[in-house]
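Summary of the model geometry
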Amino acid sequence: MAVQLLNITKTFQKLTVSARCNLVPIIVNPLKEELYNNNVITYSSTRNTNFFNKLPAKDLWKGITSVSNAGKKRGRGKNTSKSKIKDLNRGQVIGIGKANIVWPGLSAPIIRGKELVRQEQLPEDPEREKKLIQLRDKMGTFKHQKLSPIERGWSGSKMPGRSIGPPDPVGEETFEGFDTKVLELKTVFNMKGNFGRKRRLSVLVVTGNGNGLGGFAMGKALEAKIALRKAKNRSGQKLMHVKLFKNHTVCHDFFTQFAKTKIYVSQKPEGYGLVCHRAIKTICEVVGIKDLYAKIEGSTNVNNIIKAFFLGLTRQKLPEEMAEEKKLHLVQFCKESNNFPNVIASPKECRTAEDIPNDEILDFKQYCFEGKVVLNKKKRPPFYAGYKSYELYLQKQEKLRNQSKVKENLIAEYGQIKSFLADKYPECVQYKPERKNKEEADN
Amino acid sequence: MAALRHISRKLFYNFKPESKLKSETCAICIRLLNYSAIEYDEKHDPAPVFFNKDIQSLLKTLTRVDLAKVNRRRKLGTKKLEDPEYKFMTDEQLHQAIEKAKKNTEELLQIPPVVALRKPTSRVLSKDPALQGLEKSRMVFTDITFGVKDIERLIVVREPDGTLQEVDWEMRNRINQTYFPSTDRYIKPPKMFFGEYFESLLNRKEYEFVLDRACTQFEPNDPTYQRVVSITYQHVNDNDGFEILRSTRHFGALTFFLVWHKSIDNLMSELIETAHIEEADKLLELFTKVHGISFEGSQELDRIEDYIKKVSSKKAVLELGVQAYKDLAKRREELDTGIETAHGLR
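As the structure is a computational prediction, the values presented were derived from the model and not from experiment.

Next up on the list: the packing of aromatic side chains. Two descriptors summarise a pair of aromatic rings, namely the distance from one centre to the other and the angle between the planes of the rings. What the rule picks out here adds up to 22 aromatic pairs over all chains. Look at A:Phe255 and A:Tyr264: their rings are 4.8 Å apart centre to centre, the planes differ by 50°, and that puts the pair in the tilted class. Here the two residues A:Phe255 and A:Tyr264 agree in accessibility, since each one is buried. Look at B:Tyr233 and B:Phe257: their rings are 5.3 Å apart centre to centre, the planes differ by 55°, and that puts the pair in the tilted class. With a gap of 24 residues between them, B:Tyr233 in helix α10 (residues 223–239) and B:Phe257 in helix α12 (residues 250–260) connect regions that are remote in the sequence. Look at B:Phe257 and you get buried, because its relative accessible area is 3%. Grouped by ring-pair contacts, the aromatic residues B:Tyr40, B:Phe50, B:Phe51, B:Tyr233, B:Phe256, B:Phe257 and B:Trp260 constitute a single cluster. The residue whose ring lies beneath A:Lys372 is A:Phe255, and the NZ or CZ to ring-centre distance is 4.7 Å. Above the face of the A:Phe333 ring, B:Lys87 is positioned so that its terminal group lies 4.9 Å from the ring centre.

This next bit is on unusual backbone geometry. In this structure, A:Lys327 is a non-glycine residue whose phi angle is positive, near 55°. Residue classification places A:Lys327 among the partly exposed positions, given a relative accessible area of 38%.

On to the confidence of the model for chain A. Of all residues in chain A, 90% have pLDDT values of 70 or greater, and the mean over the chain is 88. Low pLDDT, under 50, characterises residues 16–26 of chain A; the stretch is placed with three contacts to residues that sit more than four places away or in other chains.

In spatial order, the strands read β14(A)-β13(A)-β1(B); together these three strands make up an open sheet with antiparallel pairing. With one partner strand each, in any of the chains shown, β14 (342–345) of chain A together with β1 (85–89) of chain B form the two edges of the open sheet. Taking each pair of neighbouring strands and ignoring which way they run, the sheet shows an average axis angle of 35°. Relative to β14(A), strand β13 (residues 329–333) of chain A runs antiparallel, the two sharing three bridges. Bridge pairing links A:Leu330 to A:Ala345 in β14(A). Sheet strands in contact with helix α10 (residues 319–326) of chain A are β13 and β14 of chain A together with β1 of chain B, and its direction is about 90° off that of β14(A). This element, helix α6 (residues 91–108) of chain B, spans β13 and β14 of chain A together with β1 of chain B of the sheet and lies at about 130° to β1(B).

So, how was this worked out
Residues numbered from 1 in each chain as written. Chains lettered and ligands numbered in written order. Predicted model: local features only at pLDDT ≥ 70, side-chain atom pairs only at ≥ 80, totals over all residues. Heavy atoms only, no water. Phe/Tyr/Trp six-rings, centres within 6.5 Å; stacked < 30°, edge-to-face > 60°. Buried < 20%, exposed > 50% of the residue type's maximum accessible area, 1.4 Å probe, protein only. Helix = DSSP H or I, 4+ residues; strand = E, 2+ residues; numbered from the N terminus. Lys NZ or Arg CZ within 6 Å of the ring centre and 35° of its normal. pLDDT = per-residue confidence, 0-100. Contact = heavy atoms within 4.5 Å. Pairing = 2+ DSSP bridges. Axes fitted to C-alpha atoms, helices over the stretch in contact; angles between N-to-C directions.

This is the structure:
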């Protein structure tokens with residue numbers, strides 16, 4: 001009996017009633033017969049409360065996307081995350097549903113023009129379902145916004161190297177022309193008596209006005225945003241002056257050290273750029289140094305680098321100070337200006353050759369590095385330099401060594417690559433497949 | 001004027017594919033620029049006058065050497081500037097270094113020689129009709145002995161008709177450059193000295209570049225050199241580009257050119273406007289030495305006024321300039337006396 005009923009309901013579900021197919025007798029007749037024969041009254045009970053409508057959506061989602069604290073400790077639920085929660089109400093409006101029915105007063109106006117709008121069923125909209133599914137698919141797969149190449153830091157969308165704007169104004173004092181850059185953003189832990197491991201974010205930033213003012217600070221907070229703000233504002237309170245040479249580089253070469261981080265810094269001419277560790281490069285950009293070479297020996301811990309570098313920067317001497325200290329003229333010789341002596345600084349009173357003791361350091365580089373000598377390692381030849389095949393390669397390349405220049409000259413002279421005999425022998429011209437003329441193509 | 005320019009340009013472009021002779025292109029380019037080449041011809045050889053010691057020293061004073069400008073930073077063709085070298089120096093050492101650099105600067109400021117055009121040479125050594133038709137092309141024989149001067153080197157050519165003769169100047173340059181190449185000189189002169197390229201360079205006031213390159217590429221008695229240089233000088237004179245060439249090696253040659261051709265009015269007015277009266281007087285001295293026209297007057301300004309009367313073709317402009325200078329001098333004097341009285345010195 002029950003099986004039969006089930007079959008019937010199934011057939012109902014599958015079939016659509018239409019005028020052409022006369023189904024009524026097939027279904028109704030056996031039913032009638034059995035009903036009348038057995039005189040049994042059947043009823044089915046429906047309960048409108050179940051698991052899905054007893055709990056709100058929030059709890060339901062929580063059930064499948066979270067693990068209990070105890071479970072977490074055992075390593076359960078590693079694949080779950082809150083980002084998988086989907087709001088199924090999104091994109092749905094009361095009065096508009098699967099059956100496309102017009103409800104005057106709910107999903108349509110009551111009076112349109114001079115006519116009363118009547119409730120009616122419109123043909124089903126196949127697009128609605130698709131749109132809803134599409135909307136739900138998008139949820140939970142959050143994509144990070146792509147950064148423009150200018151905004152990028154050292155690596156992708158990571159914070160280190162990125163600019164976070166000037167420190168917030170204090171009262172009426174604003175930090176105009178300042179820029180702050182992140183050097184480090186990491187999670188740090190602290191053991192608490194009652195909480196255990198306590199997690200925080202630690203941020204190291206450097207700020208400066210690009211014109212000889214700079215400062216750095218660290219900020220810690222539970223959230224990155226707050227830590228960044230803290231560090232940024234603290235760095236604005238810790239500014240120091242940095243002496244610049246002609247507003248583009250350091251005053252002189254120097255050596256500086258903090259803990260195990262040793263830095264050798266060299267002054268460089270305009271257009272050289274910043275050739276150094278990325279942390280030093282970022283500091284230089286913020287402070288306003290444009291040309292510099294720096295070599296780090298030892299640890300490259302960012303905290304120590306920044307401390308060592310700022311120590312070195314603040315300890316710099318101006319050329320005038322150096323000249324006064326030595327009581328000698330400081331003279332610059334540039335190859336580009338015919339080695340013409342360019343006096344950078346002069347003392348008030350200059351010593352004579354007799355006044356200078358024999359053991360005094362007069363070499364400017366040695367004086368700057370305070371007697372230390374930079375180890376300039378010889379560049380080792382590449383592994384293939386000794387190979388026979390490389391020798392052969394070099395021999396073969398020898399005849400091509402001026403080819404590019406010759407080509408350049410020919411193009412400058414004739415407008416194309418051709419032999420000087422090309423007037424006499426027209427084939428002495430570089431072969432180029434002919435292109436279709438525009439006129440021909442148009443025709 | 002514009003129409004003329006347009007037509008001449010059209011002509012130039014029409015000519016371009018057919019024109020194989022250089023002289024044609026030259027003629028057209030000159031028309032484009034509205035300048036004609038003024039060469040120093042053999043009849044009035046400028047060399048004895050130019051190399052005169054007095055005149056050389058006058059030209060050097062007129063160059064008004066500014067050490068900072070002569071030794072300004074230049075790009076040497078390398079990608080990056082080299083690290084400067086620093087030295088601690090005593091007074092004496094610094095003085096010596098500056099003296100040494102000054103000597104070096106003198107060398108850099110040597111004025112390129114001003115000489116007459118070279119004479120065409122094609123001395124026939126022998127004619128051997130027996131060799132006629134032996135070769136289809138000309139044969140060039142060169143003495144490549146080390147240490148012989150380029151102009152004295154024996155270079156001869158055997159023509160297909162059997163004549164053996166000395167090579168002409170152009171071929172001599174080419175052969176010399178082939179066997180003994182000098183850096184930055186090309187067998188064919190670069191295009192920047194011809195046509196629109198030359199015009200565009202002049203319009204951009206790249207005088208120093210043009211003159212420097214002309215010095216490396218050509219000999220001073222080369223007609224192309226004299227054409228390039230004379231047109232550049234005229235352009236400088238007309239467009240008031242004296243300040244660009246000042247304290248370079250070319251300023252002396254420019255001044256000599258202007259004096260030689262009696263067209264120092266623009267230079268004179270520039271000197272008066274910038275209140276360099278002593279230099280203007282030196283210029284007149286140079287003029288006197290070259291042309292033998294003397295100007296009377298005990299003071300500098302008197303001599304200048306005499307020049308304006310006698311020689312100048314731009315009298316109005318120069319007189320205005322002199323008047324303005326006089327006013328300026330007067331006001332300055334008044335100011336000085338005022339200051340002195342204020343200090344109670346008078």
